Amino acid sequence: MGMSAPEPPGPRRNRTTVAVVAASAAVVVACAAVGYLALRDDGNDEAGPRPTPTASASASTDKTDRDAGGGGSDPLVAGWNTVVNAKRGITFDVPASWKRQSADWVSYVTENDDPKEKPLVAMMAPAVLKEKWCTSDDDKDGTPEESSLASVGTTGEQGSTSAAEAAEDTAKTWVYGLYTQPDRSRLTVGEPESFRTKSGVEGSLVTVTSSGSPKKGKCDTDGKAVTFAFKNAAGKFVSWTYVGAHGVPDEVSDATIRQILGTVRLFKDGDGED
């Protein structure tokens, strides 16, 4: 890079926002999760303009909040907890160590230099592993920024023409958005593979990783995303995604990712309508 060109900003994964919807009001609090979090009700689970932050609000992850909407089922793995995205008609389970966010949270990433913070990709009702996995104050502003180790969540794939297309595009965008931008050349994209969950949901699975991403801050790492795209009960393309740090000692194993993925099933009361 030439001396006259400004250095592009580093990944924003260390700064997050959460939107919690209660009745018709939205409030925002700081939290630790992958990407930015906010809420807009559209087919891609994207986020609109962020509300003004407030320190007094909090998000509930109580099991009654997650399951009381109807259709929640017992976990397929003993000791795990069920995650429900009723809007997209998807249910899956996570180990007890993963923290389930509220059903109204949406996690998303943007281009680092986008002043409007238009989401590149988003996931709804995520579960997060090790919210404070890494803490740093790289910009020396006196406010530590927290990075999580990994997240899993679900997305509406509006506009996709095939499960393979949806899975590849979503996985690539997560790794780019969180770990490699502005460089897309460091992505390794796996071939789409057919996958069938324990409940019989069939779709396309794509794994994307990055390698050699410049480490500009303490918490910068390479990334990995695994996206499983399929049609819900309403016949619409949706997807489940794992995204997390890659090449680190406590990276989530492929066996664990596949075990979580294997629990993906259709939400019995979900119609998938926007």
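In short, a report on the structure. (Residues numbered from 1 in each chain as written. Predicted model: local features only at pLDDT ≥ 70, side-chain atom pairs only at ≥ 80, totals over all residues. Heavy atoms only, no water.)

**Quick word on the state of the cysteines**
- A complete count under the given rule lists 1 disulfide for this structure.
- The disulfide bridge from C134 ends at C219, spanning 2.0 Å between sulfur atoms. When the S-S torsion is -85 degrees, as for the bridge of C134 with C219, the disulfide is left-handed. Linking C134 in strand β9 (residues 134-136) with C219 in the loop between β14 (202-210) and β15 (222-231), this pair joins segments that are 85 residues apart in sequence.
- Taking relative accessible area as the criterion, C134 reaches 12% and is therefore assigned buried. (Disulfide = S-S within 2.5 Å. Helix = DSSP H or I, 4+ residues; strand = E, 2+ residues; numbered from the N terminus. Buried < 20%, exposed > 50% of the residue type's maximum accessible area, 1.4 Å probe, protein only.)

**Topic: the environment of L178**
- Relative to the elements of secondary structure, L178 occurs in helix α2 (residues 163-180).
- Each C-alpha atom of the pair L178 and G244 lies 9.0 Å from the other, and the pair is 66 residues apart in sequence.

**Observations concerning the environment of G247**
- With respect to the helices, strands and loops of the structure, G247 is situated in the loop between β16 (237-246) and α3 (254-261).
- Taking the C-alpha atoms as reference points, G247 and D222, separated by 25 residues in sequence, lie 6.6 Å from one another.

**Things to note about the pattern of salt bridges**
- Under the definition given, this model contains 9 salt bridges.
- Here E111 ties to R184 by a salt bridge, and the two come within 3.9 Å at their closest N and O atoms. Separated by 73 residues along the polypeptide, E111 in the loop between β7 (106-110) and β8 (119-129) and R184 in the loop between α2 and β12 (187-189) bring together distant segments of the chain.
- A salt bridge links K172 to E168, with the nearest nitrogen and oxygen atoms 3.4 Å apart. (Salt bridge = Lys/Arg side-chain N within 4 Å of Asp/Glu carboxyl O.)

**What to know about the sheet that holds strand β5 (residues 90-94)**
- A sheet is described by the order of its strands in space; here 3 strands give the open sequence β4-β5-β17, paired in antiparallel fashion. Taken across any chain shown, the strands that pair with only one partner, and hence form the sheet edges, are β4 (81-85) and β17 (265-266).
- One ladder, built from 5 bridges, connects β4 with β5; its direction is antiparallel. Considered in β5, the bridge of V83 is made with F92. (Pairing = 2+ DSSP bridges.)

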